[in-house]
Structures are given as C-alpha cells and as structure tokens.
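# Structural characterization, general
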Amino acid sequence: MNAPTQLAHVAPEIRPRPAPQALLDALARRFGARFSAALAVREQHGRDESAFTTVPPPAAVVFAESTADVQDAVRLCARYKVPVIPYGVGSSLEGHLLAVQGGISLDVSRMNQVLSVNAEDLTVTVQPGVTRKQLNEELKSASLFFPIDPGADASLGGMTATRASGTNAVRYGTMRENVLALEVVTAQGEVIRTGTRARKSSAGYDLTRLFIGSEGTLGVVTEVTLRIYPLPEAVSAAICSFPTIADAVNAVIQTIQLGVPIARVELIDARSVRCVNQHSKLNLREEPLLLMEFHGSPASVKEQAEVVQELARDQGGNDFEWADTPEERTRLWTARHNAYFAAVQSRPGCRCITTDVCVPISRLADALLDSVREADDSGIPYFLVGHVGDGNFHMGYLIDPDDADERARAEALNHQVVARALALGGTCTGEHGVGLHKMGFLRDEAGDGAMAVMRTIKHALDPDNIMNPGKVFAW
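Structure report, in brief. (Residues numbered from 1 in each chain as written. Predicted model: local features only at pLDDT ≥ 70, side-chain atom pairs only at ≥ 80, totals over all residues. Heavy atoms only, no water.)

Turning to the nonpolar core, a few remarks are in order. Considering soluble globular proteins, one finds that nonpolar side chains tend to be buried as a cluster. Ranked by size, the top nonpolar core spans 49 residues in total, and within it Leu-267, Leu-290, Met-292, Leu-368, Phe-393 and Tyr-397 carry the most contacts. Leaving out residues up to four positions away in the same chain, Leu-267 has contacts with Ile-245, Ala-248, Val-249, Leu-289, Leu-290, Leu-368, Leu-384, Val-385, Gly-386 and Val-388. Residues Phe-31, Val-82, Val-185 and Met-467 belong to the second largest nonpolar core, which totals 25 residues. (Core = buried A, V, L, I, M, F, W, Y, C linked by side-chain atoms within 4.5 Å. Buried < 20%, exposed > 50% of the residue type's maximum accessible area, 1.4 Å probe, protein only. Contact = heavy atoms within 4.5 Å.)

Laid out in structure tokens, this is it:
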C-alpha cells in the first residue's frame, strides 16, 4: 500500500473543456425545450451536497426522457469530444456531478417509469430516474419492497452508479447484491444490456458489476433490474440509549458476531440526537443511542429483540423504547434520515465534509472511538452517525466554506479517519463513492497495480474520456 495521500483533494482540479457552439446548436435542435443553457438551470445541475462550492456549472443541460434521448445526446457529445455528466436528483456528497472538465449535464430524472414488476420472480425493472420511495410506493400493493435505503430519496440510477447501500445493508446487502441486470449507453452511444432476470449466471465477464459503482465514468445507466422482497410479516423498531459510544458499539459487535439477523442497527451520537430533536421535534434522550429494526415472523422478531436487549444491558444500555406502529417507525426513521440536514442546519451557512469509511466489524470500536477523540480535540463542530451493523460510519465536519484554515483542519481529520480505516483492513468509502473527494484515498487503498487495471478499462470503454471525466481517478 502507498503512504496515505496528504490532505487529498482539498480543492478539485478544474480543467474545463470547451463545448463548441455547433454542439450546443445541435442539442438545441434535437431536444428543443428539453435543452437549456440558462444560467439558473446550469447552476442547479452544477452543485450537490458536497463541500465543493467553486466548480463552474456545466455548459448546458439536456433533459432525457428515453433511452433514445440518452443515446442521441451521448453521440452528439462524442462527436465533439465533450464531457457527459449523468444527473439524477443531485444528492451526491462527493462531487460526482460537478463539471470539473465542463461539458453537458444529462438529466435523467424524467426517465421515471417502473417498467415491469415480476412479483413471481421477485424482480422489478425501472428507468434510472425512479426514486427508492417511488418504487416502494409502487410495490406496496403487492406486499413487496426494495430494501436499499441510503437515506436521501435518491434515484435508482444514481444508487447503481455509486453502489449505494444504507440502513438495511446489514441484512439485505448493497446495490451490488441487488442489481441483476442493466441497460447502459456507452461512450460511443451504443446501447448494451448486461445480466438477466435470473438470480445467477456464469456466462462471461460480470459486466453488470463493472458498471455498478462506476459513477458514470463508463456509461449512462438507462434501465435497472433489481431484486425485490416480500414485506416482512412482522416489523418492530426499538431505541436503546447507552452511557458512552463505546458501550453502544460493543453491543453492536456482539450482536453481529452472534449472528442475530437484525435488519437495521444505526448509531447516533449525542450531538446528532440533539440536532435531530430540534429538527424533528422529538424528545429522544440526548445520549449515544442505537436505532434498531427487526424483521421476520412475530416469534423470530421477539426472539431477536430479547437477545439484543440482553446484550445491550450487558453494556449498560437502557431498556428498549419500542415503536410498533408503522407511523411511529416512519417518524423515527425519517428523523434518522434527516440527521445530516439537522446537523447542517445547526450551523447556518456551513458545508459538510463527510467520511464514510467501513471496517471489519471486529475493528469498529478501534476505528470509531479514535476518530471521535480526534474530532473532539479539533474544536470543529461535527456529528456522527453510522450503519454500524456492517462496520460503516460517517463523521460529518461542519465547516465555514470560506474559511481555508477550517477546511484544511477538517480535511486533515478526514485523512486520519481514512488512514486508520485502511490500516485496519477497511475501505475509504463504504457507500458514498469516490467522486472527487476520495480519489487520492482510492489510490492508497487499491495500489498501483489495481489502479492501472482500472485505467485500462476506462481507456478501453471511453477512449476520449467524455464520461464524467475527472472522477474516481485523474485523467
């Protein structure tokens, strides 16, 4: 492994490539009112939830409504060797959609049709602009659901591109395990299909998983076929507060090591609980807490909960506070999902630099507690939430985006968190993806040999480097 990169990507490298007027004219003729070069529209598509606030917007925006639209837009951009940046709902935290090399933002949010539900096979095929909440609303009448829940109501195309996961990953896995097949428009404007609705295959290279997590750098996803699941017979959610973060983390480690099939287990530190209480008008005890959910038959849910309650008591945890009705559960999980926005609102005008390292569950306490001590010592406001059932946690450093010293100190903290995770056998990103912010860390994690292979794949599939250039690794 290389020595960890020092303060990797405090600011992104901006190398704009011009969009010729001939291209803009051709796009305007093809797309009419679905093409826009208006500054307000470009600026909307040129920012996300990352801390990068100085990247110029794209040259124009195209709103695609079909695979043919995507194909035509990519072919026109390929003719002029102009970048194409796929855009879903703009919820990225790592600068994925920023136009660091200029180009055209290709908005697929209007491609929002659920194309087919195959209830007997437990699969569904959707366009990339369908959001997870929209899909679950569609599936509810058939007593089915899609479990991957990254918090934001992200588009399924974007979730595929970033290999997203979230609160249910400890039981149901990530997008990697739940995407069966894709339709993709390549950098040459060709439409390819990867995978099938069959649950497994040994046929050739696994191109589906090559595109999952490629962050728009290899092609534009235009259809996604997903696994879906029956709604559990019984669901119960519980909150348990602990004297310290260490106590809560140790209870989680024991739960996972015992093989309890818990569906969700989220850690929220006392700072985050305070912010959530203010934002969502709750009165949760302002101590480190675990928010848990159990799925299964009534008997299995009861058994799981009893085991975890006993483990929690051994670590000083309080008796569970239960949320048994759908309304109570929804309120709690909505509050958890809003923890990021609640924290950001606690410091008006701030931007958030987030970490999302993931480590083997046995090393979770080492990684998390040292990170908390460093953040406490720094004096920078922060919050902590974690999908701790799979060893994944987020430190969010709330910085003044105009304060260079504060940004540098937050990046130094981020660097220490990532270096520690890599040393413990973990990864620099458990779910947010590489984007701009983690490019140096990816090199540290993957090593020169693996990076060379990734570059070879990128060159082969996108020789003119038009697919979301400047992300994942520099070229």
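Time to look at the sheet that holds strand 8 (residues 179-186). With antiparallel pairing, the five strands of this open sheet are ordered in space as 5-6-10-8-9. Strands with a single pairing partner mark the edges of an open sheet, and in this sheet they are strand 5 (114-118) and strand 9 (191-195). Direction aside, neighbouring strands of the sheet carry axes that sit 15 degrees apart on average. Bridge count for strand 8 against strand 10 (residues 219-227) is seven bridges, and the pairing is antiparallel. Each bridged residue has a counterpart across the sheet, and for Glu-183 the counterpart in strand 10 is Glu-223. Where helix 3 (residues 67-80) meets the sheet, its contacts fall on strand 8, strand 9 and strand 10, and the angle it forms with strand 8 comes to roughly 45 degrees. Strand contacts of helix 4 (residues 132-139): strand 5, strand 6 (123-126) and strand 10, with the helix running at about 45 degrees to strand 5, the strand carrying the most contacts. (Pairing = 2+ DSSP bridges. Helix = DSSP H or I, 4+ residues; strand = E, 2+ residues; numbered from the N terminus. Axes fitted to C-alpha atoms, helices over the stretch in contact; angles between N-to-C directions.)

Relative to the 18 Å expected for 13 residues at 1.5 Å per residue, helix 9 (residues 245-257) spans 18 Å between its end C-alpha atoms, a close match to the ideal helical length. The elements touched by buried residues of helix 9 are strand 13 (264-268), strand 14 (289-296), helix 11 (298-314), helix 14 (364-378) and strand 17 (382-387). Residue Gly-259 follows helix 9 closely and has a positive phi angle near 80 degrees. (Expected span 1.5 Å × (residues − 1).)

Moving on, we come to the packing of aromatic side chains. Counted according to the given criterion, the structure contains seven aromatic pairs. Taking 6.3 Å as the distance between ring centres and 45 degrees as the angle between the ring planes, the aromatic pair formed by Phe-294 and Trp-322 counts as tilted. Of the two residues, Phe-294 is situated in strand 14 and Trp-322 in strand 15 (residues 321-323); the sequence distance between them amounts to 28 residues. Arranged with centres 5.1 Å apart and planes meeting at 85 degrees, the rings of Tyr-340 and Phe-341 form a pair that is edge-to-face. The rings of Phe-145, Tyr-172 and Tyr-229 are connected pair by pair, giving a single aromatic cluster. Across the ring face of Phe-31, the terminal group of Arg-30 is positioned such that the distance to the ring centre comes to 4.5 Å. (Phe/Tyr/Trp six-rings, centres within 6.5 Å; stacked < 30°, edge-to-face > 60°. Lys NZ or Arg CZ within 6 Å of the ring centre and 35° of its normal.)

Let us now look at helix 11. Taking 1.5 Å of rise per residue, 17 residues should cover 24 Å, and helix 11 covers 25 Å from first to last C-alpha, within 8% of that figure. Those residues of helix 11 that are buried are in contact with helix 6 (169-172), strand 12 (234-241), helix 9, strand 14 and strand 15. Positive phi appears at Gly-316, one or two residues downstream of helix 11, with a value of about 85 degrees.

For the rest of this paragraph, the subject is the side chain of Lys-458. Relative to the helices and strands, Lys-458 is located in helix 16 (residues 439-461). Residue Lys-458 is classed as buried on the basis of its relative accessible area of 4%. Of note is the side chain of Lys-458, whose polar atom sits 2.7 Å from the side chain of Asp-462. The residues contacting Lys-458, other than those within four sequence positions of it, are Thr-217, Leu-218, Pro-463, Asn-465, Met-467, Phe-473 and Trp-475. (Polar contact = N/O pair within 3.5 Å; in protein donor to acceptor, adjacent residues only side chain to side chain.)

For the rest of this paragraph, the subject is the pattern of salt bridges. Applying the stated rule across the entire model yields 31 salt bridges. Here Glu-177 makes a salt bridge to Arg-176, at a shortest N to O gap of 2.6 Å. The closest approach of N and O atoms between Arg-264 and Glu-293, which form a salt bridge, is 3.3 Å. Here Glu-293 lies in strand 14 and Arg-264 lies in strand 13, a separation of 29 residues in the sequence. In this pair, the class of Arg-264 matches that of Glu-293, namely buried. (Salt bridge = Lys/Arg side-chain N within 4 Å of Asp/Glu carboxyl O.)

Quick look at the sheet that holds strand 15 now. Strand order in this open sheet of seven strands is 15-12-14-13-17-18-16, and the pairing throughout is antiparallel. Of all strands in the sheet, those with a lone pairing partner are strand 15 and strand 16 (351-354), marking the two edges. In this sheet, neighbouring strand axes are inclined to one another by 20 degrees on average, regardless of whether the strands run parallel or antiparallel. Across four bridges, the pairing between strand 16 and strand 18 (residues 392-399) is antiparallel. Bridge pairing in strand 18 places Ile-353 opposite Tyr-397. Across the sheet, helix 10 (residues 270-280) is in contact with strand 13, strand 14 and strand 17; its angle to strand 17 comes to roughly 100 degrees. Strands in contact with helix 11 are strand 12, strand 14 and strand 15; relative to strand 14, the strand with the most contacts, it is inclined by about 155 degrees.

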